[in-house]
Amino acid sequence: MRRKPDTTSFAEVVREVREQPPVAAPEPSGVTDPDGNRWRPGTGSITPGQAHALLEQGARAAWDPCGCGGGCGFTWFGPQETTRLIASGTPTVRSTKRHRGNLSVWTTDDGRVLVVAEDAVRWADLMA
């Protein structure tokens, strides 16, 4: 003879859920650079002219070659590479059937600025 499985009432399920400790909120999206700084994406895109001007004003630069938002990692540029980017003028953002270039601004909690070139962006000889 088969025994009827024990069932839990809805009220018991609700009680169990309420007794569970709260789950910590997930950490906001972003990436950490090699120096340990946490960068978070801003909203929207910027123009090539804005990207160039931000570098001239002291922003850092990074390239997200696949456009995944940092999941695969960024190519981080130091002062010498940033000087080359500035000297080369504004970047070229391309869009094709398979690739869509973009430029965006990311920031740290203390207000530092990072220009991220995503996917199909040409800038100096550092991005293709």
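Bear in mind the structure is a predicted one, so any value in this text is a computation, not a measurement. (Residues numbered from 1 in each chain as written. Predicted model: local features only at pLDDT ≥ 70, side-chain atom pairs only at ≥ 80, totals over all residues. Heavy atoms only, no water.)

Draft legend 1. Inspection of the side chain of T82 at higher detail. Mapping T82 onto the fold places it in helix 3 (residues 79-87). For T82, a relative accessible area of 10% gives the class buried. Within polar-contact distance, the side chain of T82 engages the backbone oxygen of G78 at 2.9 Å. Those residues in contact with T82 that sit more than four places away from it in its chain are L55, A59, A61 and F77. (Helix = DSSP H or I, 4+ residues; strand = E, 2+ residues; numbered from the N terminus. Buried < 20%, exposed > 50% of the residue type's maximum accessible area, 1.4 Å probe, protein only. Polar contact = N/O pair within 3.5 Å; in protein donor to acceptor, adjacent residues only side chain to side chain. Contact = heavy atoms within 4.5 Å.)

Draft legend 2. The pattern of salt bridges, seen in detail. Counted by the stated rule, this structure contains five salt bridges. R40 serves as the salt-bridge partner of D109, at 3.5 Å between the closest nitrogen and oxygen. With D109 in the loop between strand 6 (102-107) and strand 7 (113-118) and R40 in strand 2 (residues 38-41), this pair connects stretches of sequence that are 69 residues apart. Given a relative accessible area of 71%, D109 falls into the exposed group. (Salt bridge = Lys/Arg side-chain N within 4 Å of Asp/Glu carboxyl O.)

Draft legend 3. Spotlight on unusual backbone geometry. Its identity as a non-glycine residue notwithstanding, D119 has a phi of 60 degrees, on the positive side. Within the element layout of this structure, D119 appears in the loop between strand 7 and strand 8 (121-122). Residue D119 is classed as buried on the basis of its relative accessible area of 11%. A positive phi angle, close to 50 degrees, is found at A124, a residue other than glycine. The topology assignment puts A124 in the segment after strand 8. Residue class for A124 comes out partly exposed when judged on its relative accessible area of 34%.

Draft legend 4. How the structure looks around the nonpolar core. In terms of nonpolar packing, the biggest core is built from 16 residues, with L55, F77, L85, V115, W123 and M127 touching the most fellow members. Taken together, the elements giving at least two residues each to this core come down to helix 2 (48-56), strand 3 (60-64), strand 6 and strand 7. Residues contacting W123, with those up to four places away along its chain left out, are A51, H52, L55, L85, S88, G89, T90, P91 and V115. (Core = buried A, V, L, I, M, F, W, Y, C linked by side-chain atoms within 4.5 Å.)

Draft legend 5. Representation of helix 2 in the model. Every buried residue belonging to helix 2 is among A51, H52 and L55, and all of these are buried. Here the buried residues of helix 2 occupy an arc of 95 degrees about the axis, which is enough to place them on one side. At the C-terminal side of helix 2, G58 shows a positive phi close to 105 degrees. (Arc of directions from axis to C-beta.)

Draft legend 6. Main features of the side chain of D119. R94 provides the closest opposite charge to the buried, unpaired D119, separated from it by 7.1 Å. Non-local contacts of D119, meaning those with residues more than four positions away in its chain, are made with W63, D64, P65, C66, G67, H99 and R100. (Lys, Arg positive; Asp, Glu negative; His and termini not counted.)

Draft legend 7. Local environment of the confidence of the model for the chain. The predicted model of the chain has a mean per-residue pLDDT of 87, with 88% of residues at 70 or higher. For the chain, helix 1 (residues 10-19) is the element with the lowest average pLDDT, namely 73, and helix 2 is the one with the highest, namely 97. (pLDDT = per-residue confidence, 0-100.)

Draft legend 8. Region of interest: the packing of helix 2 against helix 3. One way to put it is that helix 2 packs onto helix 3 with a least axis distance of 10 Å and a crossing angle of 135 degrees. Compared by their axis directions, helix 2 and helix 3 come out oblique. Helix 2 and helix 3 meet at a crossing whose hand is left-handed. Of helix 3, the residues touching helix 2 (which contributes H52, L55 and E56) are T82, L85 and I86. (Axes fitted to C-alpha atoms, helices over the stretch in contact; angles between N-to-C directions. Parallel < 35°, antiparallel > 145°, perpendicular 65-115°, else oblique. Left-handed = near helix turned anticlockwise from the far one by under 90°.)

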